[in-house]
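Secondary and tertiary structure notes
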Amino acid sequence: MVRHDFNAEVRGLKDFPKDERPPVLLSFFSFRTMVALGTLFPLLTIIGWFKRNRLVESPGYLKIMLWSIPLPYIAIELGWVLAEVGRQPWIVYGLMKTSDAASPIASSQVLISLIAFILVYSLLGAVGFYLIVKNARQGPAPEAVPEAAAEPAAA
Ligand code: HEM
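Presented here is a report on the structure given in the accompanying data block. (Residues numbered from 1 in each chain as written. Predicted model: local features only at pLDDT ≥ 70, side-chain atom pairs only at ≥ 80, totals over all residues.)

**As for the site of the ligand**
Inspection of the region around the ligand gives 14 residues, with G38, P72, A75, G79 and A83 positioned closest. Breaking the shell around the ligand down by element, the ones donating at least two residues are α1 (24–50) and α3 (71–86). It is α3 that provides the largest number of residues to the shell around the ligand, a total of eight residues. Within the shell around the ligand, the residues separate by chemical class into 10 nonpolar, four polar and no charged. (Near = placed C-beta within 6 Å. Helix = DSSP H or I, 4+ residues; strand = E, 2+ residues; numbered from the N terminus. Nonpolar A, V, L, I, M, F, W, Y, C, P; charged D, E, K, R; others polar.)

Following this line, the structure appears as structure tokens:
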């Protein structure tokens, strides 16, 4: 798939010199967990399709779906870990190593911007979460619920 050629040779990890191999454990588990999740999602969808007319009577399924909300985010992060860790030690394959590409700046500068990013995104995350919870507790606006909107006309 990678070479767009059915007859291409796929070289194993041991065919590469030791100093050109990525951290194996992290790549191994991020790939497998991502693929496991990528298998689970269509399965949940198929089960949901069969239950589509009795979702209200399937609290177990609804609970699984609710607790599955973080899973695609985890899969995305694992895919990213796989892509970034799996290509080490290269930043440009065969041409430039990551160690040669690091900017000559003090680690304290990196730390300060990292802390700033963590603070800003944590704040945004907390505000977003608060607003979602607030809206969910309020429930849908009456005009968004077909039966409720139809009632005054019928009365
Ligand atoms: C059967 C399921 C899956 C397979 C076989 C698979 C395979 C792969 C492979 C081989 C890569 C590395 C690509 C590269 O670095 O060149 C990758 C990256 C990635 N995957 Fe998956 N994946 C699967 C499911 C998922 C799912 C369910 C998600 C998210 C919901 C996901 C999100 C990502 C992301 C975000 C990347 C990083 C892309 C990049 O930075 O270039 N994957 N996947």
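Structure's up, so let's keep going.
**Quick word on the packing of α1 against α3**
Packing of α1 against α3 leaves a shortest axis separation of 8 Å and a crossing angle of 145 degrees. Handedness of the crossing formed by α1 with α3: left-handed. For the pair α1 and α3, contact is made by L26, S27, S30, F31, T33, M34, L37 and G38 and by L71, I74, A75, L78, G79, V81, L82, V85 and G86, respectively. A breakdown of the residues in the contact of α1 with α3 according to their chemical character gives 11 nonpolar, six polar and no charged. (Axes fitted to C-alpha atoms, helices over the stretch in contact; angles between N-to-C directions. Left-handed = near helix turned anticlockwise from the far one by under 90°. Contact = placed C-beta atoms within 7 Å.)

**Looking at helix α5 (residues 107–138)**
In this model α5 runs 46 Å from its N-terminal to its C-terminal C-alpha over 32 residues, within 8% of the 46 Å that 1.5 Å per residue would give. With respect to burial, α5 is a largely exposed element, only zero of its 32 residues being buried. (Expected span 1.5 Å × (residues − 1). Buried ≥ 20, exposed ≤ 12 C-beta atoms within 10 Å, placed from the backbone.)

**Re unusual backbone geometry**
The peptide bond linking Q88 to P89 adopts the cis configuration, its omega dihedral lying at 5 degrees. By the element assignment, P89 lies in the loop between α3 and β1 (90–92).

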